[in-house]
Amino acid sequence: MTDGAMVLTIAVLGGTGKEGSGLAIRWALNGYKVIIGSRDATKASEFANTTNAELNGEYLVGMANEEAARIADIVVLSVPYTAHRSTLEGVRAHLHGKVLVDLTVPLQPPAVRTVHLPEGKAAGLEAQALLGDGVNVISAFQNVSAEKLKDPTTQVDCDVLVCGDNVEAKSQVIKLVEAAGMRGIDAGPLANAVAAESLTPVLLYINKTYKVKGSGIRITGLE
Ligand SMILES: NC(=O)c1ccc[n+]([C@@H]2O[C@H](COP(=O)([O-])OP(=O)(O)OC[C@H]3O[C@@H](n4cnc5c(N)ncnc54)[C@H](OP(=O)(O)O)[C@@H]3O)[C@@H](O)[C@H]2O)c1
């Protein structure tokens, strides 16, 4: 949870939603300072207060996305692909020198069980192109079902492929993966996010076909 002596602050933009909230709660319970970001500051505060009451502690605070990104050391983007660009544009002024963890899957409803490559080939690559070299975009968590994150006391049966071009930023995110109860695997440069993002429609297809809620991935052959 710390970087040297400092407790890191994580902002989860779209943290009121299914995937972001599951991760935010796990990080908060592991000692990180966690801010829930939303388009609506009141919605974020209400979400944080309700969750704190359920968890019986002051774990989360809620703010507008922009303020959350300004304060945080690490920013996690957890919004639907349709809101990917606009959300980044709204916070880009506050991201310089930071790590942006992008878990967006560029789904194309209604065909969410078929791989769709966006114009920039991957949401993570589009984020990096938009934000420029001053921001370390790391792609992760696309294959983790929100369903599996719900109970923060359980380990999640899924590995997390972590892709990015900055080695130090990648190892920071692998620590976040572990803090959320999963194994993080260095899966190469950000260009490899194309593969990680593309696995999610495959998993959604498997969920439907085998009538399960949260299939995941495991990398074999590692210690
Ligand atoms: N759900 C999963 O199992 C899963 C698994 C892996 C990856 N992902 C990826 O994680 C991201 C979030 O997924 P999710 O299931 O958590 O999504 P979600 O619950 O539908 O939405 C997350 C949050 O995004 C914000 N949002 C929604 N529509 C928006 C819009 N048009 N403009 C700006 N913000 C908007 C909302 O927050 P506010 O209203 O508070 O602003 C919402 O609570 C997606 O990119 C998804 O592909 C999801």
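Right, let's walk through the structure included here. (Residues numbered from 1 in each chain as written. Predicted model: local features only at pLDDT ≥ 70, side-chain atom pairs only at ≥ 80, totals over all residues. Heavy atoms only, no water.)

### A word on the overall build of the protein chain
Across its full length, the protein chain holds eight helices and 10 strands. Taken against the 2.2 N^0.38 rule, which gives 17 Å for 223 residues, the C-alpha radius of gyration of the protein chain at 16 Å falls within 12% of a compact globule. Taken along its principal axes, the extent of the C-alpha atoms in the protein chain is 40 × 40 × 35 Å. A total of 223 residues make up the protein chain; the buried ones form 50% of that total. For the protein chain, long-range pairs separated by at least 24 residues make up 73% of all intrachain contacts whose partners lie at least 6 apart in sequence. Carbon and sulfur atoms make up 53% of the accessible area of the protein chain, which totals about 10800 Å². If you average the places of the 20 positive and of the 24 negative side-chain charges in the protein chain, the two averages end up 6 Å apart. (Helix = DSSP H or I, 4+ residues; strand = E, 2+ residues; numbered from the N terminus. Rg over C-alpha atoms; globule rule 2.2 N^0.38 Å. Buried < 20%, exposed > 50% of the residue type's maximum accessible area, 1.4 Å probe, protein only. Contact = heavy atoms within 4.5 Å. Areas by Shrake-Rupley, 256 points an atom, 1.4 Å probe, with all protein chains shown as cover. Lys, Arg positive; Asp, Glu negative; His and termini not counted. Charge placed at Lys NZ, Arg CZ, Asp CG, Glu CD.)

### Brief notes about the pairing of strand β3 (residues 9-13)
Counting buried positions along β3 yields five of five residues, so the element is predominantly enclosed. Of the two faces of β3, the one lined by T9, A11 and L13 and the one lined by I10 and V12 are each fully buried. The sheet contact formed by β3 and strand β4 (residues 33-38) spans five bridges and is parallel. Its bridge partner being in β4, I10 is matched across the sheet by V34. (Pairing = 2+ DSSP bridges.)

### Brief notes about the site of the ligand
In the vicinity of the ligand lie 20 residues, with T16, S38, R39, K43 and V79 positioned nearest. Here an oxygen atom of the ligand sits 3.2 Å away from a polar atom, N or O, in the main chain of V105. For the ligand, the protein covers 78% of the area, taking 870 Å² as the surface of the free molecule. Judged by its atoms lying within 2 Å of the grid points, the ligand is housed in the largest pocket. Residues that form the shell around the ligand fall into these classes: eight nonpolar, eight polar and four charged. (Near = heavy atom within 4 Å. Polar contact = N/O pair within 3.5 Å; in protein donor to acceptor, adjacent residues only side chain to side chain. 1 Å grid on protein atoms, 1.4 Å probe; cavity = no way out; pocket = protein on both sides within 12 Å on 5 of 7 lines; lining within 4 Å. Sits in = over half its atoms within 2 Å of the grid points. Nonpolar A, V, L, I, M, F, W, Y, C, P; charged D, E, K, R; others polar.)

### Re the sheet that holds strand β10 (residues 183-186)
Strand order in the open sheet formed by eight strands is β5-β4-β3-β6-β7-β8-β9-β10, and the pairing between neighbours is mixed. Both outer strands of the open sheet, β5 (60-64) and β10, are each paired with one neighbouring strand and no more. With direction set aside, neighbouring strand axes in the sheet form an average angle of 25°. Alignment of β3 against strand β6 (residues 74-77), held across four bridges, turns out to be parallel. When the bridges of β6 are listed, I10 appears paired with I74. Together, β3, β6 and β7 (99-102) form the strand contacts of helix α4 (residues 84-91), whose direction differs from that of β6 by roughly 155°. Helix α7 (residues 167-179) contacts β3, β6, β7, β8 (136-139), β9 (159-164) and β10 of the sheet and is inclined by roughly 160° relative to β9. (Axes fitted to C-alpha atoms, helices over the stretch in contact; angles between N-to-C directions.)

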